[in-house]
Amino acid sequence: DQTVLQSTCLRVTTLCAYVPSAQVNDNHYFGLRFVVHNGGDNKYKYWYPPTGIPAERADVQNKTLLEPMKPPPPPGKAAIRAA
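Note that the structure is predicted; figures quoted are calculated from it, not measured.

Colleague: I would appreciate a short explanation of the overall build of the protein chain in the present structure.
Modeller: Scanning the protein chain for helices and strands turns up three helices and zero strands. Shown N-terminal to C-terminal, the secondary structure of the protein chain runs as helices and strands in the order α-α-α. For the protein chain, the exposed area adds up to about 7600 Å²; of that, 59% sits on carbon and sulfur atoms.

Colleague: Would you mind showing me how to read the environment of Thr-13 here?
Modeller: Counting through the fold element by element, Thr-13 comes out in the loop between α1 (2-11) and α2 (31-38). Look at Thr-13 and you get buried, because its relative accessible area is 15%. Put simply, Thr-13 and Tyr-48 are 35 residues apart on the chain and 7.6 Å apart in space, counted from C-alpha to C-alpha.

Colleague: Quick question: what am I supposed to make of the confidence of the model for the protein chain here?
Modeller: Where the model shows low pLDDT, its predicted coordinates should not be examined in detail. In the predicted model, the protein chain carries a mean pLDDT of 74, and the fraction of residues at 70 or more is 76%. Highest mean pLDDT in the protein chain belongs to α2 (83); lowest belongs to helix α3 (residues 77-82) (55).

Colleague: I keep staring at the layout of surface pockets and nothing clicks. Help me out?
Modeller: Unoccupied space between atoms shows up once a probe the size of one water molecule is rolled over them. Looking at the largest pocket, its volume works out to about 800 Å³. Lining the largest pocket are 19 residues, and of these Gln-2, Leu-5, Tyr-18, Gly-31 and Leu-32 sit closest to its centre. Among the secondary structure elements, those contributing two or more residues to the lining of the largest pocket are α1 and α2. Looking at the lining of the largest pocket, its residues break down into 12 nonpolar, five polar and two charged.

Colleague: Is there a simple way to explain the pattern of salt bridges in this structure?
Modeller: One side chain can pair with another of opposite charge once the charged atoms of both are near each other. This structure, assessed with the given rule, holds one salt bridge. Taking the shortest distance from any N to any O, the salt bridge between Arg-33 and Asp-26 comes out at 2.6 Å.

Colleague: I'm lost on the state of the cysteines in this one. Help?
Modeller: Summed over all chains, the structure comprises one disulfide. With a sulfur-sulfur separation of 1.9 Å, Cys-9 is cross-linked through a disulfide to Cys-16. Measuring handedness by torsion sign, the sulfur bridge of Cys-9 and Cys-16 sits at about -70 degrees and is left-handed. By the burial criterion, Cys-9 is buried, and Cys-16 matches it.

Colleague: Is there a simple way to think about the environment of Cys-16 in this case?
Modeller: Along the polypeptide, Cys-16 turns up in the loop between α1 and α2. Its relative accessible area of 12% is what places Cys-16 among the buried residues. A sequence separation of 11 residues divides Cys-16 from Leu-5, and the C-alpha atoms of the two residues are 9.1 Å apart. Sequence-distant contacts of Cys-16, defined by excluding residues within four places in its chain, comprise Cys-9, Tyr-48 and Pro-49.

Conventions and cut-offs
- Residues numbered from 1 in each chain as written.
- Predicted model: local features only at pLDDT ≥ 70, side-chain atom pairs only at ≥ 80, totals over all residues.
- Heavy atoms only, no water.
- Helix = DSSP H or I, 4+ residues; strand = E, 2+ residues; numbered from the N terminus.
- Areas by Shrake-Rupley, 256 points an atom, 1.4 Å probe, with all protein chains shown as cover.
- Buried < 20%, exposed > 50% of the residue type's maximum accessible area, 1.4 Å probe, protein only.
- pLDDT = per-residue confidence, 0-100.
- 1 Å grid on protein atoms, 1.4 Å probe; cavity = no way out; pocket = protein on both sides within 12 Å on 5 of 7 lines; lining within 4 Å.
- Points joined across faces, edges and corners; volume = space filled by probe spheres on them.
- Nonpolar A, V, L, I, M, F, W, Y, C, P; charged D, E, K, R; others polar.
- Salt bridge = Lys/Arg side-chain N within 4 Å of Asp/Glu carboxyl O.
- Disulfide = S-S within 2.5 Å.
- Contact = heavy atoms within 4.5 Å.

Have a look at this one:
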């Protein structure tokens, strides 16, 4: 259900507001529970995602962003000596 919630919030940016973890006095896995039970509209400083984020592949203008990430190059001799 977390994956569905995250993808929904990314597709419809005006639907969700985020409470920064520094404002939640509970385990970060149970942040939603804490906010729902202890919340109030004036208690938290919500963060909203920026608007205009493309949610569909067809809407992405820079197509290189859709390519898989390349693995990093193997470490060179200088990196091995530094370790």
